[in-house]
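Take a look at the letters that make up each chain.
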Amino acid sequence: MNAIEIILLVISLVLIILVLLQAGKAETTSGIISGDTSTLFTNRKERGSELFISRLTLILGLAFFAISLVAMFI
């Protein structure tokens, strides 16, 4: 295994953990299906650790994509 493969493996494991840690955004869809429209048009803003996890997931996802592209051409 070379260094790029190890980096991709580590990033993918961290991404899996971060995605599992994120709060479920599908909890409001169950209310929509059952007829609860009180949370249908509310704009929920991420704050604190939720915002940090969301941004870290985005950054690591982009890094994974970029490193995968670089590894493809090496």
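Refer to the structure above for everything that follows.
Report on the accompanying structure.

1. Description of helix H1 (residues 3-21)
For an α-helix, the turn length of 3.6 residues means that residues three or four places apart are oriented alike. The terminal C-alpha atoms of H1 lie 27 Å apart, and with 19 residues this matches the ideal 27 Å at 1.5 Å per residue to within 8%. Within the sequence span of H1, burial applies to Leu8, Ile11, Leu15 and Leu18. Seen end-on, H1 carries its buried residues on one side only, within an arc spanning 95°. Exposed side chains of H1 directed beyond 90 degrees from the buried face belong to Ile17, Leu20 and Leu21.

2. Overview of the environment of Leu21
Along the chain, the position of Leu21 falls in helix H1. Classification of Leu21 by relative accessible area gives exposed; the value is 55%. Through-space distance from the C-alpha of Leu21 to that of Glu50 is 9.0 Å; in sequence the pair is 29 residues apart.

3. Some words on helix H3 (residues 49-73)
For H3, spanning 25 residues, the distance from its first C-alpha to its last is 36 Å, which sits close to the expected 36 Å at 1.5 Å a residue. Within the sequence span of H3, burial applies to Ile53, Thr57 and Leu60. Contacts made by the buried residues of H3 are with H1.

4. Let's talk about the nonpolar core
Ile11, Leu15, Leu18, Ile53 and Leu60 together form the largest nonpolar core, which totals five residues. If you list the elements that add at least two residues to this core, you get H1 and H3. At three residues, H1 tops the list of elements feeding residues into this core.

5. Some remarks on the packing of H1 against H3
Close contact between H1 and H3 brings their axes to 10 Å; oriented N to C, the two are set at 155°. Our classification of the angle between H1 and H3 gives roughly antiparallel. The two elements H1 and H3 meet at a crossing, and its hand is left-handed. Together, Ile4, Ile7, Leu8, Ile11, Ser12, Val14, Leu15, Leu18, Val19 and Leu21 of H1 and Ile53, Leu56, Thr57, Leu60, Gly61, Ala63, Phe64, Ile67, Ser68 and Ala71 of H3 make up the contact between the two elements. The class makeup of the residues in the contact of H1 with H3 is 16 nonpolar, four polar and no charged.

Calculation rules
Residues numbered from 1 in each chain as written. Predicted model: local features only at pLDDT ≥ 70, side-chain atom pairs only at ≥ 80, totals over all residues. Heavy atoms only, no water. Helix = DSSP H or I, 4+ residues; strand = E, 2+ residues; numbered from the N terminus. Expected span 1.5 Å × (residues − 1). Buried < 20%, exposed > 50% of the residue type's maximum accessible area, 1.4 Å probe, protein only. Arc of directions from axis to C-beta. Contact = heavy atoms within 4.5 Å. Core = buried A, V, L, I, M, F, W, Y, C linked by side-chain atoms within 4.5 Å. Axes fitted to C-alpha atoms, helices over the stretch in contact; angles between N-to-C directions. Parallel < 35°, antiparallel > 145°, perpendicular 65-115°, else oblique. Left-handed = near helix turned anticlockwise from the far one by under 90°. Nonpolar A, V, L, I, M, F, W, Y, C, P; charged D, E, K, R; others polar.

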